[in-house]
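Tertiary structure, described
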Amino acid sequence: MADHQEASVTLPSDPASVPTARRYVADVLTDWGLDGAADIADSIRLIVSELATNAVLHTLGQSPTFTVEVRLEREERLHIGITDSHPRRPRRLPAAVQQDNGRGMVIVRVLAAQAGGRLSVTPTEDGGKTVWITIPWTAAPLASHQGLIHT
């Protein structure tokens, strides 16, 4: 595997793009050796869903598209970023009992932390932002799982 791998896709800022983003990341990571049935794969799918949903719902129509970036550095660190062109950074909302939304970023932070990683936000040159999660890469190459005989 190369020292650095990356993939990206730009999607319309539409709710129908959220499952497409989730599938895209899952397919890329499977190609890179992540077992799709692993707990971390479930966490990554949920994180991508939450971040893509935020890019669609909270940009107030000011971001016609969002971009999903996936980078793997030296088979050690996985970076997943969702970029939109709206300048407002994600905000933590109070966890009021009657509140039906606003907990997505809390979920993302907790899942990233449980995986030994972190969440960060960086501005883009065009005035938007990228919301990143960075977690340790723990996948074993799929080839090592093939050809094993289980008794």
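Now for a look at the structure at hand.

Rules behind the numbers
Residues numbered from 1 in each chain as written. Predicted model: local features only at pLDDT ≥ 70, side-chain atom pairs only at ≥ 80, totals over all residues. Heavy atoms only, no water. Helix = DSSP H or I, 4+ residues; strand = E, 2+ residues; numbered from the N terminus. Expected span 1.5 Å × (residues − 1). Buried < 20%, exposed > 50% of the residue type's maximum accessible area, 1.4 Å probe, protein only. Contact = heavy atoms within 4.5 Å. Salt bridge = Lys/Arg side-chain N within 4 Å of Asp/Glu carboxyl O. Core = buried A, V, L, I, M, F, W, Y, C linked by side-chain atoms within 4.5 Å.

1. Regarding helix α1 (residues 17-31)
Taking 1.5 Å per residue, 15 residues should reach 21 Å; α1 reaches 21 Å between its end C-alpha atoms and fits that length. Of all the residues in α1, the buried ones are Ser17, Val18, Ala21, Val25, Ala26, Val28 and Leu29. Buried positions along α1 lie against β1 (4-12), α2 (39-57), β2 (65-73) and β3 (77-84). Just past α1, the residue Gly33 takes up positive phi, approximately 115°.

2. Regarding the pattern of salt bridges
Oppositely charged side chains can pair when the atoms bearing their charge come close. Across all of its chains, the model carries three salt bridges by this definition. The partner of Arg45 in a salt bridge is Asp42, with the nearest N and O atoms 2.3 Å apart. Pair noted here: Arg45 and Asp42 are both in helix α2, with a separation of three residues, about one helical turn. Residue Lys129 is joined to Asp84 by a salt bridge in which the shortest nitrogen-to-oxygen separation is 2.7 Å. With Lys129 in strand β5 (residues 129-136) and Asp84 in strand β3, this pair connects stretches of sequence that are 45 residues apart. Assessed through its relative accessible area of 5%, Lys129 is described here as buried.

3. Here's the deal with the nonpolar core
By size, the foremost hydrophobic cluster in this structure holds 35 residues, and its most contacted members are Leu29 and Ile44. Elements supplying a minimum of two residues to this core: β1, α1, α2, β2, β3, α3 (104-114), β4 (118-123) and β5. A total of nine residues in this core trace back to one element, the largest contributor, which is α2. Once you skip the residues sitting within four places of it in the chain, Ile44 turns out to touch Val25, Leu29, Leu34, Leu78, Ile80 and Ile135.

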